[in-house]
Amino acid sequence: MKVGVADTTFSRVNMGAIAIDELKKHASVAIERVTVPGMKDLPVACKKLIEERRCDIVMALGMPGGKEKDKTCAHEASQGLIMCQLMTNHHIIEVFVHEDEAKDDAELAWLAEQRTREHAVNAVKLVLHPEALTKDAGTGQRQGFSDAGPARR
Ligand code: RDL
Ligand code: RDL
Ligand code: RDL
């Protein structure tokens, strides 16, 4: 299987390098990487990874800033990523870490790394082990901060 990794120079954490480090734990995974300036450049980068570089799934790694205009930008980028998935019939795992989710730089770095690693595992499962996701259905999984857990215990 081949995983595409698309990340940005706007992000304050090297999320692409972290994704690749996690994906390399899976011997059967080949990787294609591309870096673009910001998250609105991710949809076409992902489309090219799928159509031209033949990736089975892509991780779109981005960091929306904390301002209102950044949130609008994130919503637009997300719409583009969803459109790209529908156009190509391939999953794109959107790994966005909003700068204002973290209380300081140290927590931001931790959150970006943790969410990226957990979604890298999700990407491999979606393609190679879909039954592993079904096993976790309804369990309140989150990426980064702790899981919410099931409502009925
Ligand atoms: O196509 C060039 C840029 O428009 C594009 O890279 C944008 O995604 C850059 N960008 C913004 O213009 C903005 O207002 C970004 C953010 N906010 C942001 O919060 N995070 C980004 N890019 O990754
Ligand atoms: O592609 C990987 C994720 O981006 C994707 O699974 C999202 O739907 C996950 N997600 C969020 O990123 C989020 O901010 C979800 C929620 N909120 C939510 O409220 N409910 C979800 N997913 O099912
Ligand atoms: O309920 C607390 C968080 O889960 C919630 O604030 C989410 O919206 C945070 N979040 C994002 O903002 C996002 O862009 C999450 C993801 N992506 C994600 O992929 N996985 C998450 N949260 O668990």
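Residues numbered from 1 in each chain as written. Chains lettered and ligands numbered in written order. Predicted model: local features only at pLDDT ≥ 70, side-chain atom pairs only at ≥ 80, totals over all residues. Heavy atoms only, no water.

## Overview of the confidence of the model for the chain
1) Next: Confidence along the chain averages 97 in pLDDT terms, with 100% of residues attaining 70 or more.
2) Next: Here the predicted complex scores 0.98 on pTM and 0.97 on ipTM. (pLDDT = per-residue confidence, 0-100.)

## Some thoughts on the pairing of strand β3 (residues 57-62)
Within a regular strand, the side chains alternate between the two sheet faces.
1) Next: Most of β3 is tucked away, with 6 of its 6 residues classed as buried.
2) Next: Bridging between strand β1 (residues 2-8) and β3 involves 4 bridges; their strand directions are parallel. Bridge assignment links Val5 to a residue of β3, and that residue is Met59.
3) Next: Examined bridge by bridge, β3 and strand β4 (residues 92-96) share 5 bridges and lie parallel to one another. Bridged to Met59 within β4 is Ile93.
4) Next: Crossover β3 to β4 through helix α3 (residues 68-88) is right-handed. (Buried < 20%, exposed > 50% of the residue type's maximum accessible area, 1.4 Å probe, protein only. Helix = DSSP H or I, 4+ residues; strand = E, 2+ residues; numbered from the N terminus. Pairing = 2+ DSSP bridges. Right-handed = clockwise from strand over helix to strand, strands pointing away.)

## So, the site of ligand 3
1) Next: Within the structure, ligand 3 sits among Phe96, His98, Glu101, Arg115, His119, Arg142 and Gln143.
2) Next: His98 has a polar side-chain atom sitting 3.3 Å from an oxygen atom of ligand 3.
3) Next: Contact distances for ligand 3 include 2.6 Å between a nitrogen atom and a side-chain N or O atom of Gln143.
4) Next: Relative to its unbound accessible area of 470 Å², ligand 3 is 54% covered by the protein chains.
5) Next: By residue class, the composition of the shell around ligand 3 is 1 nonpolar, 3 polar and 3 charged. (Near = heavy atom within 4 Å. Polar contact = N/O pair within 3.5 Å; in protein donor to acceptor, adjacent residues only side chain to side chain. Areas by Shrake-Rupley, 256 points an atom, 1.4 Å probe, with all protein chains shown as cover. Nonpolar A, V, L, I, M, F, W, Y, C, P; charged D, E, K, R; others polar.)

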